[in-house]
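# A closer look at the structure
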Amino acid sequence: PETGRLALYLLGLRATCPPPDPSPQRFLVTWLKYYLEKDWAGSQRHGHPLTSFYQYSLGVLALCVHRKRVREEVIQRLLVAERHRRFGHAGGSAVDTEAVAALAFACLEREQLGGARLAPELQAAVSRARVRLVEAQSEDGLIGNVFSTPLALQFFIATDTCRTQPAYGRAMAALLQHLDAFTSAAAMAQALPALHGRSYLGIASMQCQEELDTLTPLVPEPLPLGPDNVTVRLVVECPVPVCSQHLLYDHPVLAPAGASLLYLLRAAPPQGPQNFTFETQDTAQGPFLTSVLGLAAQHRHYWQLLSGLGTSLQMGVADYRPEDGETVILRLSKW
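Here's what I pulled together on the structure shown here. (Residues numbered from 1 in each chain as written. Predicted model: local features only at pLDDT ≥ 70, side-chain atom pairs only at ≥ 80, totals over all residues. Heavy atoms only, no water.)

## What about unusual backbone geometry?
Of note, the phi angle at Q112 is positive, near 55°, even though the residue is not glycine. You can see Q112 is positioned in the loop between α5 (95-111) and α6 (119-135). Its identity as a non-glycine residue notwithstanding, L293 has a phi of 55°, on the positive side. (Helix = DSSP H or I, 4+ residues; strand = E, 2+ residues; numbered from the N terminus.)

## Observations concerning the packing of α5 against α6
It is the contact of α5 with α6, at a shortest axis distance of 9 Å, that shows an interaxial angle of 150°. Classified by the angle their axes make, α5 and α6 are roughly antiparallel. As for the relative orientation of α5 and α6, their crossing is left-handed in sense. Contact residues: V95, E98, A99, A102, F105, A106, L108 and E109 in α5; L122, Q123, A125, V126, A129, R132 and L133 in α6. Partitioned by chemical class, the residues of the contact of α5 with α6 number eleven nonpolar, one polar and three charged. (Axes fitted to C-alpha atoms, helices over the stretch in contact; angles between N-to-C directions. Parallel < 35°, antiparallel > 145°, perpendicular 65-115°, else oblique. Left-handed = near helix turned anticlockwise from the far one by under 90°. Contact = heavy atoms within 4.5 Å. Nonpolar A, V, L, I, M, F, W, Y, C, P; charged D, E, K, R; others polar.)

## Observations regarding the nonpolar core
Residues L10, L61, F105, L108, L133 and F155 are the most contacted members of the largest nonpolar core, which totals 72 residues. For this core, the element with the highest residue contribution is α5, accounting for eleven residues. If we ignore the near neighbours within four places in the chain, the residues touching L108 are V60, C64, V70, I75, L113, G114 and L122. Counting residues in each nonpolar core, the second largest holds 28 residues, with L265, F276, V317 and L330 among its members. (Core = buried A, V, L, I, M, F, W, Y, C linked by side-chain atoms within 4.5 Å. Buried < 20%, exposed > 50% of the residue type's maximum accessible area, 1.4 Å probe, protein only.)

## Quick notes on the state of the cysteines
The final tally for this structure, using the stated rule, is two disulfides. Residue C64 pairs covalently with C107 via a disulfide, S to S 2.1 Å. Judged by the torsion about the S-S bond (-100°), the C64/C107 disulfide is left-handed. One end of the pair, C64, is in helix α3 (residues 53-65); the other, C107, is in helix α5, with 43 residues separating them in the sequence. C107 matches C64 in its accessibility class, with the two residues each being buried. Through a disulfide, C238 is tied to C243; the S-S separation comes to 1.8 Å. (Disulfide = S-S within 2.5 Å.)

In structure tokens, the structure reads:
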């Protein structure tokens, strides 16, 4: 199900002040409701959506921003997951999901779309989320990581607690120091509302005004190989039972300075073993690595991007830019 992609599209559509005719929006909202049901039905025996709780929360948030009533059962699924702390996965952060789900709960509470019976539960979930997001703040001020921080900031803004919450000021200061990490349009769109003191919830009540269309697309030029090249050690590991051996690939790859990891993966086959292959899937957050050396990320597995020290890169293949002499590990891991 395209739950998350359609949810982001509907949020963007509402923010661009579409024409008065509601027919196209109504059609897309109907599709989103269908996707939410399909998303859950596909994996309901496991107690989680077929996609992820992040996408599922985005779907609920988008319906709320469009002021569409959400079925009580749909809301309850999120509330149960939040109450039992099921948003996280092994070795990963749940801050981004916590923040998006909290935004959805806050919207449902504000717009009174959850019904009187769920109102106390929504209020309690918002309070718990506030505590967890504060607890997730690291010493450098970031809440989770650099990409989940804007969502946490949006939550504090949406619930009018940014002025009374010390974590907000520290997180905003940290975000301003890491703006160079936001290189994709989707990541920028996630950070810009928080930088302007706004949240996704503000879309529901925004006043539309005509604005001049001054946006022009930016097409980056390809990076040529030249004197400023970098050599990156590319390693592929598979420590899960589906693989007969742990180390599948280990070879240096030459690339232009400033090239993305995606560029590096494309440059790997001609420079190393010819059987190196990979596949990506386009998502709202950019290309997502789905397969390496013929091993697909499925059955609750995913391709984790790590540094040579084993720490998460916290960026996607199109955003991360390795430095000379660095080691990048692609590891098939379990959620």
